[in-house]
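# Summary of structural features
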Amino acid sequence: MASAQEAPPQDSETPSYPNADDDFHGIVVTAAGLDRLDILAGTDILAGTALQRNMDGQVGEIVADIPGVSASSFSPGASRPVLRGFSGERVKVLVDGIGAIDVSNTSADHAVSIDPLTADRIEVLRGPAVLLYGSQAIGGAVNIIDKRIPLRMPAEPVHFDAFAATATADELLTGGGSIDVPIGDQVVFHLDGSYRQTDDLQVPGFVLSDALRADLLADAAEEEEEGEFEEAAELREAANLSGFIPNSGTETWSVGGGLAWLGDGANFGASFGIYDTFYGVPTAPGAGHHHGEEGEEGAFEEEEGGDETVSIGLRQYRADVRGGVDLPGPFSEIRFRGGYSDYFHTEFEGDEVGTTFDVEGYEGRLEIVQREQRGWRGSTGFQYYHRDFEAVGAEAYIAPNVTDQFSSFTLQEFTFGGLGLEAALRYERTDVAADTLGIERGFDSYSGAIGLSNDPDAAMRYGVNLSRAERAPSAEELFSNGPHIATQQFEIGDPGLGTEVALGVEAFAAGKIGDVQLRLAAYHQWFDDFIYLSGTDEEEDELPVFVYQQDNVNWFGLEGQVIAPLATVGTFDLTGELGFDYVRARRDDTGETIPRLPPLSTYAALEASNGPWTGRVSARYVAEPEDLAEYETPTKSFTMLDASITWKPWSGNRNLAIILQGENLLDEDARRHASFTKAFVLLAGRNLKLSVRLSL
């Protein structure tokens, strides 16, 4: 469960995190009672100007440049984080420690129902963080900390925050604001709202990949030989599309409010919010969306004049509560956190309703924090999750289902003889039922981790973590059976799937050597019964059939980051950054790689700061994948060159940051290998962006 504390002074023992920027709000977010737990060694925090510079409509794109992180990049309106090569059911997206409770895990074309404009900071947790957030975080978690339930009493009669931005590549117009008002000495009222609109994304050169263009041009030649000149012309027009991605615009708004009582020795707060987004879903030329049942004529027919336009309209109503009470004796505090979501989205085919997804769910978490005694501290808790899922329509390829999950966990830290020892255990009971299929499954999962490191108070920490993580299969993996047009696959689940188990080891070094910040990690996981989609030679409804199955998989990776002061040139202080990440995962039996793994990525950045001014230039190189899974196509390497100038004219409690950015200055054709849609959805071309952030 996430908590907030007042930021420590500069000479505090609290570690400094790369990318952290607390010049706007003096809070540090930590796991309750375990702010130095090495199980969370792979942690990055985006806040302040770093968050402003990376701000996007989807959280996956915001964190994609952090070492060890990529994004699914299905479309500008839908992009989930990919952590250490893991995605979907193995990466949890959280709001202050509680799940998003949406269907973004169900399909890559479903947006995450969290408005990043409401975020105060974003935590990226990798490695054995599974024990803190559950088995669905077996690859890591992204935790968005917002302010809808106020965390502190404002010092001003009215505290005001605002953000606005515009950009050229998608004609972005966005803005948001919030107010926090103290009511008496112990009550705070919060209100926020935001709006974001983009047009079709502008891209360099041809929209389609070289391979897809070649296929369409070959088809056009065949049609021409057969005298089908109109069809040939349409295929050539699709192959030569350039400059922008059709049907990639977005429109999003959100509104929310909260109230918190911050008493002496106790606190309680609640909030309510609405998130609404409408976005286009780009499709491959000629793909369309599915119509009719299996075997019917007319499946995947195109409308006269071209492919149908597919779009998604999504709305979520969400309520949250948070509280804590100080305790006497061996326990210092008891904390609770809860969230309720009423989620609905509609997939439109042109102006007609295609498929609707309806989810109602709630999640609660209770945690008891131990008082530190003789170098021993820790936390023990319970968590409950419920989701009622229903999809109705031509592409409702997942049967209605209900998931219930109960968890108990404990995390403990011991300090002795200049060493730190951490241990954690988690038990989960998961029940998944699909009444229309007459199927009920129940799973008991056991996870644990132990870590050993040098002196917990040392500026530079070295250590090793050993872990065992177990995950129950999701309803999507169990009950899928139908055409999934988003991924251009006919997906078939397996109700007989068992749990997947990962044994892992991670060695790390994190902290400071003098003025140099350093984080290095090497990890290896051995999966038994890893659940994945495997291609077949069969075809159903004119789509290739993919089935969920289990196999043993080896997962290995390296990642690192160094931030160091370089020199003072005139009145400018120069700081350099280097970072990299690499992941490899292969099946034991065949040695075949797992599909859509992000390839090797490296970056370098140089910052020059002088009082209120900061200039930054960065270059990121993403390599071509070294191996391809069956049915995968290659992805070309690319280099992204970015630059920005930040101006902070004020000091003290009033804060203003203005950032002028140039992104993809080389106008590179850049496609993420982790994306299902990389053949016809690429990253933005050259883009100029201006953003303003204000805090009063």
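Rules used in this analysis
Residues numbered from 1 in each chain as written. Predicted model: local features only at pLDDT ≥ 70, side-chain atom pairs only at ≥ 80, totals over all residues. Heavy atoms only, no water. Core = buried A, V, L, I, M, F, W, Y, C linked by side-chain atoms within 4.5 Å. Buried < 20%, exposed > 50% of the residue type's maximum accessible area, 1.4 Å probe, protein only. Contact = heavy atoms within 4.5 Å. Helix = DSSP H or I, 4+ residues; strand = E, 2+ residues; numbered from the N terminus. Polar contact = N/O pair within 3.5 Å; in protein donor to acceptor, adjacent residues only side chain to side chain. Patch = residues over 30% accessible without salt bridge, like charges linked within 9 Å, V, L, I, M, F, W, Y side chains within 5 Å. Areas by Shrake-Rupley, 256 points an atom, 1.4 Å probe, with all protein chains shown as cover. Salt bridge = Lys/Arg side-chain N within 4 Å of Asp/Glu carboxyl O. Lys, Arg positive; Asp, Glu negative; His and termini not counted. Charge placed at Lys NZ, Arg CZ, Asp CG, Glu CD. 1 Å grid on protein atoms, 1.4 Å probe; cavity = no way out; pocket = protein on both sides within 12 Å on 5 of 7 lines; lining within 4 Å. Points joined across faces, edges and corners; volume = space filled by probe spheres on them. Nonpolar A, V, L, I, M, F, W, Y, C, P; charged D, E, K, R; others polar. Pairing = 2+ DSSP bridges. pLDDT = per-residue confidence, 0-100.

### A short note on the nonpolar core
Within the largest apolar cluster, 50 residues are counted, with the highest numbers of intra-cluster contacts made by Leu-46, Val-63, Ile-122, Ile-144, Phe-527, Phe-530 and Trp-555. Sequence-distant contacts of Ile-144, defined by excluding residues within four places in its chain, comprise Val-59, Val-93, Leu-94, Val-95, Asp-96, Ile-114, Ala-119, Arg-121 and Ile-122. Core analysis: the next-biggest nonpolar cluster, separate from the first, contains 18 residues, Ala-78, Val-359, Phe-389 and Ala-391 among them.

### Some thoughts on the environment of His-159
Mapping His-159 onto the fold places it in strand 10 (residues 159–167). A distance of 3.3 Å separates the side chain of His-159 from the side chain of Asp-161, its partner in a polar contact.

### Points about a nonpolar patch on the surface
A cluster of nonpolar residues, Tyr-340, Tyr-362, Leu-366, Phe-382, Tyr-384 and Phe-406, forms a patch on the protein surface that exposes about 520 Å² of accessible area. Residue assignment for the nonpolar patch shows that the elements contributing at least two residues are strand 19 (352–370) and strand 20 (376–393). You can see Tyr-340 is positioned in strand 18 (residues 331–349).

### What to know about a negative patch on the surface
Judged by side-chain charge, Asp-215, Asp-219, Glu-222, Glu-225, Glu-226, Glu-228, Glu-230, Glu-231, Glu-234 and Glu-237 come together as a negatively charged surface patch. If you trace the backbone, Glu-228 turns up in the loop between helix 4 (210–225) and helix 5 (229–239). Assessed through its relative accessible area of 35%, Glu-228 is described here as partly exposed.

### Some remarks on empty space enclosed by the protein
All told, the structure shown has 12 cavities of 30 Å³ or more when counted by the stated rule. The space that makes up the second largest cavity amounts to roughly 700 Å³. In this structure, the second largest cavity is lined by 35 residues; those nearest its centre are Ser-87, Gly-88, Glu-89, Arg-596 and Phe-676. The dominant element in the lining of the second largest cavity, judged by the number of residues it contributes, is strand 28 (residues 516–540), at 4 residues. The residue inventory of the lining of the second largest cavity, partitioned by class, reads 15 nonpolar, 13 polar and 7 charged.

### Thoughts on the pairing of strand 29 (residues 543–569)
Bridge count for strand 26 (residues 489–492) against strand 29 is 3 bridges, and the pairing is parallel. By the bridge assignment for strand 29, Ile-492 is matched with Val-547. Pairing analysis gives 19 bridges linking strand 28 to strand 29, with the strands arranged antiparallel. Note that in strand 29 the partner of Leu-520 across the bridge is Gly-560. Counted along the chain from strand 28 to the antiparallel partner strand 29, the turn is 2 residues long, and its residue Asp-541 has a positive phi close to 50°. Alignment of strand 29 against strand 30 (residues 572–587), held across 16 bridges, turns out to be antiparallel. Looking across to strand 30, one finds that Ala-564 is bridged to Gly-576. Where strand 29 hands over to strand 30, the hairpin turn is made up of 2 residues, of which Gly-570 adopts a positive phi near 65°.

### Structural notes on the confidence of the model for the protein chain
Any residue range with low pLDDT should be treated as having predicted coordinates unsuitable for detailed reading. The predicted model of the protein chain averages 88 in pLDDT, with 90% of residues at 70 or higher. Here residues 1–36 scores under 50 on pLDDT; set against residues more than four positions off or in separate chains, the count is 104 contacts.

### Section: the pairing of strand 33 (residues 638–647)
Across 10 bridges, strand 32 (residues 613–622) lies against strand 33 in antiparallel orientation. From the neighbouring strand, Ser-618 faces strand 33, where its bridge partner is Asp-642. Here strand 33 runs beside strand 34 (residues 655–663); their pairing, made up of 5 bridges, is antiparallel. Bridging from a neighbouring strand, Trp-647 pairs with Ile-658 of strand 34.

### Some points on unusual backbone geometry
If you check the backbone angles, Ile-101 has positive phi at about 55° while not being a glycine. Note that Ile-101 resides in the loop between strand 7 (98–99) and strand 8 (119–126). The class of Ile-101 is buried, set by a relative accessible area of 5%. One non-glycine residue, Arg-374, adopts positive backbone phi at about 50°. Relative to the helices and strands, Arg-374 is located in the loop between strand 19 and strand 20.

### Topic: the side chain of Thr-430
Inspection of the secondary structure assignment puts Thr-430 in strand 22 (residues 419–434). Residue Thr-430 is classed as buried on the basis of its relative accessible area of 3%. Only 2.9 Å separates the side chain of Thr-430 from the side chain of Gln-405, close enough to count as a polar contact. Setting aside its immediate chain neighbours within four residues, Thr-430 contacts Thr-403, Asp-404, Gln-405, Arg-441, Gly-442, Phe-443 and Ala-472.

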